[in-house]
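Letter by letter, the chains look like this.
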Amino acid sequence: MSFLQKAGAWLDDRLGISDTLMPLAKHLVPPGAKWSYVFGSATLFCLILQVVTGVALTLLYQPTSAAAYKSLEFITHQAVFGRLLRGVHYFGASGMIVLVGIHMLRVYITASYKFPREMSWISGVFLLFLTLAMGFTGQLLRWDSNGVWSAVVAAEQAGRVPIIGTYVARLLLGGDTIGGQSLSRFYSYHTLLFPALLFGLVGFHLYLVFRNGVSEPAKAGQLVDPKTYRKWYQDMLNKVGVPFWPYAAWRDVAFSVAVIMGIFTLALVFGPPELTQPPSPATIYTNPAPDWYMLPIFALYALMPPAIESYLIIIAPLLTVLALLALPFISNAGERSPLRRPWAVFGAGTVVTLVFALLVLGEQAPWSPKFDAKPLTTKLINSHNPQIVAGAGLFYNKGCIYCHLVDGHGGHRGPELTEVGRRLKTDELRIRIVNGGGNMPAYGGVISEKELADVIAFLETRK
Amino acid sequence: MSEEKFPTPPTPTPSPSLTEQAGNPNVDADARAEREGEPRRDFLVKLTFGLGGVAALAIGVPVVSAVLAPLLEPDPQTWRKVGTLTDFAVGSTHLVKFENADSKAWSGLTSESAAWLRRESEKEFIAFSVNCAHLGCPVRWEQGAGLFMCPCHGGIYYKDGTVAAGPPPQGLTQYHIRVAGNNDVELLTAPIPITNMTS
Ligand code: FES
């Protein structure tokens with residue numbers, strides 16, 4: 001035996017590569033588990049990408065509230081490849097969310113959560129929420145004015161929880177206001193606490209894959225019976241199973257590499273999100289908005305009726321979690337094929353559509369006043385009557401345009417006024433402006449008689 | 001897993017004699033050793049948990065304190081000067097900045113806080129939190145409109161801080177404010193107002 005062979009044999013003996021690891025790598029998987037099975041492993045690769053780029057970022061990042069913003073500027077604009085690094089970490093986060101979502105959908109649609117894989121689903125649910133928590137805390141680590149205000153909004157939401165709410169809010173901010181202590185907390189959550197939990201759970205999730213095997217592709221009419229399933233599955237594997245390595249693994253690797261190169265390309269082309277203003281809680285001219293993957297939740301909170309909001313903020317997430325956790329116990333046997341489970345497919349489709357719709361809405365945020373609306377142009381006013389011109393000026397000056405659309409200019413919060421002159425008479429206009437109602441403030445106290453007449457004169461020309 | 005592997009409480013009944021057990025081929029050696037060593041085993045289990053508990057408690061106190069620090073610390077309120085009388089004309093509304101009550105040395109910009117200040121009359125001031133009573137976004141004073149507006153979900157407040165429109169369940173929180181000495185306008189810094197479910 002040559003020296004190298006000897007060294008190899010020694011290592012193999014002490015580490016147990018052929019004894020323990022090879023059987024794991026070569027464990028049998030059902031045939032036909034093709035491209036629809038690559039999302040879980042791609043999520044794992046994405047996680048590894050996040051860990052690696054995250055660790056690299058901590059080498060450059062200063063996690064104190066005084067220095068974080070400057071160090072981020074440094075990473076983005078000066079550090080060698082810093083921009084690319086931040087970009088990859090940012091798009092990697094998006095990738096994780098997307099892949100976790102697809103993986104979960106695939107598992108749900110093919111009912112892979114049924115016997116004996118209930119615990120895989122349950123650990124997966126916790127992993128989903130941990131992933132979201134990582135996304136959220138990561139966004140705060142950007143520690144610009146957006147990050148600071150997002151932390152405040154999060155604390156306010158936590159504050160709605162009865163009894164313990166205020167304490168939770170304080171724990172989140174690390175004190176009674178945003179300050180020097182806040183970032184330390186988020187940094188610790190994002191780089192230590194959550195990753196530790198994540199690693200543990202991912203390990204458990206993977207261990208369960210080995211223990212219970214990869215679910216076979218769902219076939220219509222092939223029912224899962226907890227009494228006979230394990231034996232049937234083992235027999236099937238022994239008859240037709242293929243070794244995971246390399247017969248199934250190559251697809252996982254190929255897809256994951258494609259995903260990682262995609263993330264790399266996005267990072268190269270678009271770069272990380274630009275920082276907004278420095279993190280002073282006194283910088284109030286800012287519009288806190290979360291990263292895209294949080295937008296659906298953001299939109300949901302914006303859209304629900306304020307009267308039930310306090311309850312929904314607590315009950316809705318609670319119910320969602322409970323429903324997800326209960327799923328494998330409610331239905332852990334029987335049909336797995338999506339062809340025979342039309343309601344499950346329909347339900348999943350509805351949820352996906354809803355999330356997309358909320359995402360689009362969140363992007364537009366029609367419930368927010370449009371503070372950057374410009375005054376109406378002379379061409380749009382289309383009159384030289386001084387009263388009407390004055391009215392149009394007031395329409396901007398009094399903030400009406402933030403919420404009302406006129407000829408494509410303005411916000412969407414209130415009804416469009418492009419043709420309001422046709423709908424409402426002078427008196428009706430007057431009553432609405434003076435008394436307000438619903439989402440319209442009563443302008444009676446803040447507008448003079450003359451100003452009121454001017455605005456009405458302007459609105460009446462909108463036909 | 002066989003039942004014998006679980007610890008069982010010691011029984012007052014005398015255990016079968018050694019010879020009896022030895023003569024019985026069904027009693028395996030492990031189980032016999034366990035049964036004979038019962039009090040000792042019991043003691044060792046208790047010892048292990050006891051020692052572990054002591055260590056966990058010793059380390060746990062400082063660790064849990066660090067976690068709960070924000071709840072254990074007092075939330076100080078401090079008067080901070082935000083300007084002088086001449087800075088604020090009667091009837092005007094200003095954004096004033098000041099240092100929050102318990103700023104840390106490493107806070108940098110984040111030790112700043114802000115409030116809306118209105119001078120109602122020669123003597124009277126009124127100060128509002130910049131945090132929307134809905135979900136805490138920073139409200140802006142719109143001079144032309146004479147209203148506070150929130151960028152997040154369109155909460156709107158009148159100049160006296162009461163709700164004019166939108167989702168906020170209550171008006172803007174007010175801060176204490178005073179004129180100290182003859183000239184200094186001072187504001188009592190306060191926590192971020194948390195709107196809880198009952199409000
Ligand atoms: S936070 Fe101001 S309206 Fe929602």
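A brief report on the enclosed structure follows. (Residues numbered from 1 in each chain as written. Chains lettered and ligands numbered in written order. Predicted model: local features only at pLDDT ≥ 70, side-chain atom pairs only at ≥ 80, totals over all residues. Heavy atoms only, no water.)

Let's shift gears to the overall build of chain B. Across its full length, chain B carries 3 helices and 11 strands. In chain B, the order of α-helices and β-strands from amino to carboxyl end is α-α-α-β-β-β-β-β-β-β-β-β-β-β. Out of the 199 residues belonging to chain B, those deemed buried represent 38%. The contacts in chain B between residues at least 6 apart in sequence include a share of 48% that link residues at least 24 apart. (Helix = DSSP H or I, 4+ residues; strand = E, 2+ residues; numbered from the N terminus. Buried < 20%, exposed > 50% of the residue type's maximum accessible area, 1.4 Å probe, protein only. Contact = heavy atoms within 4.5 Å.)

Our focus in this paragraph is the interface of chain A and chain B. Each partner contributes residues to the interface: chain A has 63 residues there, and chain B has 61 residues. In total, chain A and chain B occlude about 5,000 Å² of area from one another, counting both sides; carbon and sulfur atoms represent 62% of this. Among the residues chain A hides against chain B, the three largest losses belong to Glu156(A), Asp176(A) and Phe371(A). Together they make up 13% of the total. Viewed at the interface, chain B and chain A are joined by 0 salt bridges. (Buried area = accessible area lost by both parts, 1.4 Å probe. Salt bridge = Lys/Arg side-chain N within 4 Å of Asp/Glu carboxyl O.)

Here we take up unusual backbone geometry. Residue and element names in this part refer to chain A. Along the chain, Phe115 connects to Pro116 via a cis peptide bond; the corresponding omega equals -5°. Cis peptide bonds are those with omega within 30 degrees of zero, and the linkage from Trp245 to Pro246 qualifies with 0°. Position of Pro246 among the secondary structure elements: in helix α11 (residues 244–247). Non-glycine residue Trp143 carries a positive phi angle of around 45°. The phi dihedral of Asp407 falls on the positive side, at around 50°, and the residue is not glycine. As for its placement among the helices and strands, Asp407 is situated in the loop between α18 (400–403) and α19 (420–423). Classification of Asp407 by relative accessible area gives partly exposed; the value is 35%.

By way of backbone hydrogen bonds, the strands of a sheet pair with one another, either parallel or antiparallel. All names here are of chain B. Here we have 4 strands laid out as an open sheet, ordered β2-β3-β4-β9, and antiparallel in their pairing. If you trace the sheet from one side to the other, it starts and ends with β2 (93–99) and β9 (174–175), each paired once. Where strand β4 (residues 125–129) lies against β9, 2 bridges are found, and the strand directions are antiparallel. When the bridges of β9 are listed, Phe128 appears paired with Gln174. (Pairing = 2+ DSSP bridges.)

Okay, the pattern of salt bridges next. Evaluation of the coordinates by the stated rule reveals 17 salt bridges over all chains. For the salt bridge of Glu216(A) with Arg336(A), the shortest nitrogen-to-oxygen distance reads 3.1 Å. Taken as a pair, Glu216(A) in the loop between α9 (180–212) and α10 (229–240) and Arg336(A) in the loop between α14 (306–330) and α15 (342–364) lie far apart in primary sequence, 120 residues in all. Given a relative accessible area of 3%, Arg336(A) falls into the buried group. Residue Arg41(B) is joined to Glu38(B) by a salt bridge in which the shortest nitrogen-to-oxygen separation is 3.9 Å. With Arg41(B) and Glu38(B) both in helix α3 (residues 38–72) and 3 residues apart, this pair spans about one turn of that helix. Among the residues examined, Arg41(B) registers a relative accessible area of 22% and is labelled partly exposed. Given a relative accessible area of 11%, Glu38(B) falls into the buried group.

Turning our attention to the environment of Gln50(A). Structurally, Gln50(A) is set in helix α3 (residues 38–60). Beyond its immediate sequence surroundings of up to four residues, Gln50(A) is in contact with Val88(A), His89(A), Gly92(A), Ala93(A) and Met96(A).

With that settled, the discussion passes to the environment of Arg86(A). Residue and element names in this part refer to chain A. Position of Arg86 relative to the elements: it lies in helix α5 (residues 82–109). Along the sequence, Arg86 and Pro272 sit 186 residues apart, while their C-alpha atoms lie 5.7 Å from each other. If we ignore the near neighbours within four places in the chain, the residues touching Arg86 are Leu57, Leu72, Ile75, Thr76, Arg142, Pro272, Pro273 and Leu275.

Attention shifts here to the nonpolar core. Ranked by size, the top nonpolar core spans 79 residues in total, and within it Tyr61(A), Trp121(A), Trp143(A), Ile178(A), Trp116(B), Val139(B) and Phe148(B) carry the most contacts. Looking at which element gives the most residues to this core, the answer is α5(A), with 10 residues. Excluding residues that lie within four positions of it along the chain, Ile178(A) makes contacts with Trp143(A), Val148(A), Ala151(A), Val152(A), Leu173(A), Pro281(A), Asn100(B), Thr110(B) and Ile192(B). In terms of nonpolar packing, the next biggest core, distinct from the first, is built from 33 residues, Phe395(A), Tyr402(A), Val420(A) and Phe458(A) among them. (Core = buried A, V, L, I, M, F, W, Y, C linked by side-chain atoms within 4.5 Å.)

On to the state of the cysteines, then. For the structure on display, the rule yields 1 disulfide over all chains. Disulfide pairing places Cys137(B) opposite Cys152(B) at an S-S distance of 1.9 Å. Measuring handedness by torsion sign, the sulfur bridge of Cys137(B) and Cys152(B) sits at about -75° and is left-handed. Remark: Cys152(B) occurs in the loop between β6 (147–149) and β7 (156–157) and Cys137(B) occurs in the loop between β4 and β5 (140–142); sequence separation between them is 15 residues. Across the pair, Cys152(B) and Cys137(B) agree in class, each one buried. Here Cys400(A) stays unpaired: no disulfide links it, and the sulfur of Cys403(A), its closest cysteine neighbor, is 8.7 Å away. For Cys403(A), a relative accessible area of 11% translates into the label buried. (Disulfide = S-S within 2.5 Å.)

This paragraph deals with the sheet that holds strand β11 (residues 184–188) of chain B. All names here are of chain B. In space, the 3 strands of this open sheet follow the order β1-β11-β10, with antiparallel pairing throughout. Each having just a single partner strand, β1 (79–84) and β10 (177–180) make up the two edges of the open sheet. Across this sheet, the average inter-strand angle for adjacent strands is 35°, counted without regard to direction. (Axes fitted to C-alpha atoms, helices over the stretch in contact; angles between N-to-C directions.)

Bringing the pairing of β4(B) into the picture now. Residues and elements named next belong to chain B. Buried residues dominate β4, accounting for 5 of its 5 residues. With burial as the criterion, each face of β4 is covered, one bearing Phe125, Ala127 and Ser129 and the other bearing Ile126 and Phe128. Once strand β3 (residues 112–119) ends, the chain turns through 5 residues before running back antiparallel as β4.

Right, let's talk about helix α4 (residues 68–77) of chain A for a bit. All names here are of chain A. Listing the buried residues of α4 in full gives Ala68, Tyr69, Ser71, Leu72, Ile75 and Thr76. Seen end-on, α4 carries its buried residues on one side only, within an arc spanning 160°. Of the residues in α4, the exposed ones pointing more than 90 degrees away from the buried face are Lys70 and His77. For α4, the elements touching its buried residues are α3, α5 and α9. (Arc of directions from axis to C-beta.)

Turning next to the packing of aromatic side chains. All names here are of chain A. Overall, the coordinates contain 20 aromatic pairs over all chains when judged by the stated rule. Between the aromatic rings of Trp35 and Trp250, the centroid separation amounts to 5.6 Å while the plane-to-plane angle is 85°, which identifies the pairing as edge-to-face. Separated by 215 residues along the polypeptide, Trp35 in the loop between β1 (28–29) and α3 and Trp250 in helix α12 (residues 249–270) bring together distant segments of the chain. A ring pair is formed by Trp343 and Phe346, whose centres lie 5.8 Å apart and whose planes are at 90°; its orientation type is edge-to-face. Pair noted here: Trp343 and Phe346 are both in helix α15, with a separation of 3 residues, about one helical turn. For the pair formed by Trp343 and Phe346, the shared burial category is exposed. Taken together, the aromatic side chains of Phe115, Tyr229, Trp232 and Tyr233 make up a single cluster linked through ring pairs. In this structure, Arg341 is placed above the aromatic ring of Tyr108, and the distance from its NZ or CZ to the ring centre is 5.8 Å. (Phe/Tyr/Trp six-rings, centres within 6.5 Å; stacked < 30°, edge-to-face > 60°. Lys NZ or Arg CZ within 6 Å of the ring centre and 35° of its normal.)

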